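Breakdown of the fold
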Amino acid sequence: MHILGLSGSLRAGSHNTALLRAAASVAPAGMAIELYDGLRELPPYDQDLDREDAPGPVADLRERVHAADGLLIATPEYNYGVPGVLKNAIDWASRPSSASCLLGKPVAIMGAAPGNFGTVRAQLALRQSFLWIDSRIVTKPELALFRSHERFDANGELTDETTRTMLARLLDALAAKVREAHAPIPALAA
Ligand code: FNR
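Scope of this entry: the structure provided in the associated data block.

1. Focus: the overall build of the protein
- In terms of helices and strands, the protein carries five helices and six strands.
- Overall, the protein shows an N-to-C arrangement of helices and strands of β-α-β-α-β-α-β-α-β-β-α.
- Viewed in the frame of its principal axes, the protein has a C-alpha envelope of about 50 × 45 × 25 Å.
- Of all 190 residues assigned to the protein, the portion counted as buried reaches 48%.
- With an accessible surface of roughly 9,900 Å², the protein has 54% of that area assigned to carbon and sulfur atoms.

Dropping the structure here:
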């Protein structure tokens, strides 16, 4: 099972990127998590450029999402919302809406913030986008990592055991969504 991890933060010391790295270390047997690192290369969404020969980084994003069995997104919260760079990637990946690489794709969302609310508002906004996009969103468990600066050591390793357990549970739920997506559709009764 191949999962593509997207962090909505570009900064080197990002707690969200560190959370994604930690996910790779607690993933269930048979799940591999690869980190997408092309966010910075994506141009701002422009419908005039959204043609068959879309810009290279866009085509690469779409191919990688398409090839993945599911997505794991770690979003920071910027001004109670989703960081622009992450929303921009999702906007590119969501087109054309009737045949996008995100259509029916299993997606799990989580987020980390040093404050007391752990990105709950950004996660809610992100979930709302996926309603229109029609991905298979994992609804439970929720992972809102608050006071994130207290959960990692100086090397960016997730040291908080409770968070590691919650992360493993979220990945189990994502794996279940992937299996559901791959399950054959039962034949309709005659
Ligand atoms: C923030 N931060 C923030 N935190 C929060 O809990 N709610 C918010 O609305 C905001 N808004 C906000 C806006 C902008 C522009 C910045 C740069 C920061 C703080 C944010 O949670 C913190 O910087 C995180 O550490 C960002 O995530 P990474 O980069 O550690 O993954």
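2. As for the side chain of Thr17
- In this structure, Thr17 sits in helix 1 (residues 15-26).
- Leave out the neighbours within four places in its chain, and Thr17 touches Ser7, Ser9 and Leu35.

3. Considerations on the site of the ligand
- Residues in close proximity to the ligand include Ser9, Arg11, Ser14, His15, Asn16, Pro76, Glu77, Tyr78, Asn79, Tyr80, Ala113 and Pro114, which together make up its full environment.
- Take Arg11: an N or O atom from its side chain is 2.7 Å from an oxygen atom of the ligand.
- Ser14 has a polar side-chain atom sitting 2.6 Å from an oxygen atom of the ligand.
- Considering the ligand on its own, with 620 Å² of exposed area, one finds that the protein chains cover 70% of that surface.
- In terms of residue class, the shell around the ligand is built from five nonpolar, five polar and two charged.

4. Regarding helix 4 (residues 120-133)
- Between the first and last C-alpha of helix 4 there are 20 Å, a value that for 14 residues agrees with the 20 Å anticipated at 1.5 Å per step.
- Here helix 4 has its buried residues at Ala122, Gln123, Leu126, Arg127, Ser129, Phe130 and Ile133. The buried residues of helix 4 occupy an angular sector of 155 degrees when projected down its axis, which confines them to one face. Seen from the buried face of helix 4, the exposed residues on the opposite side, beyond 90 degrees, are Leu124, Gln128, Leu131 and Trp132.
- Once helix 4 ends, the next one or two residues include Asp134, with phi positive near 70 degrees.

5. Concerning the pattern of salt bridges
- Under the defined criterion, the tally for this structure stands at nine salt bridges.
- Close ionic contact of Arg64 with Glu34 constitutes a salt bridge, the shortest N to O distance being 2.8 Å. You can see Arg64 sitting in helix 2 (residues 56-67) and its partner Glu34 sitting in strand 2 (residues 32-35), a full 30 residues away along the chain.
- A salt bridge links Asp91 to Lys87; the shortest N-O distance between them is 3.0 Å.

6. Quick word on the packing of helix 3 (residues 84-93) against helix 4
- Contact geometry of helix 3 with helix 4 gives a least axis separation of 11 Å together with a crossing angle of 10 degrees. Taken as axis vectors, helix 3 and helix 4 run roughly parallel relative to one another. Residue-level contacts link Leu86, Lys87 and Ile90 of helix 3 to Leu126, Ser129, Phe130 and Ile133 of helix 4.
- Residue composition of the contact of helix 3 with helix 4, by class: five nonpolar, one polar and one charged.

The rules we used
Residues numbered from 1 in each chain as written. Predicted model: local features only at pLDDT ≥ 70, side-chain atom pairs only at ≥ 80, totals over all residues. Heavy atoms only, no water. Helix = DSSP H or I, 4+ residues; strand = E, 2+ residues; numbered from the N terminus. Buried < 20%, exposed > 50% of the residue type's maximum accessible area, 1.4 Å probe, protein only. Areas by Shrake-Rupley, 256 points an atom, 1.4 Å probe, with all protein chains shown as cover. Contact = heavy atoms within 4.5 Å. Near = heavy atom within 4 Å. Polar contact = N/O pair within 3.5 Å; in protein donor to acceptor, adjacent residues only side chain to side chain. Nonpolar A, V, L, I, M, F, W, Y, C, P; charged D, E, K, R; others polar. Expected span 1.5 Å × (residues − 1). Arc of directions from axis to C-beta. Salt bridge = Lys/Arg side-chain N within 4 Å of Asp/Glu carboxyl O. Axes fitted to C-alpha atoms, helices over the stretch in contact; angles between N-to-C directions. Parallel < 35°, antiparallel > 145°, perpendicular 65-115°, else oblique.

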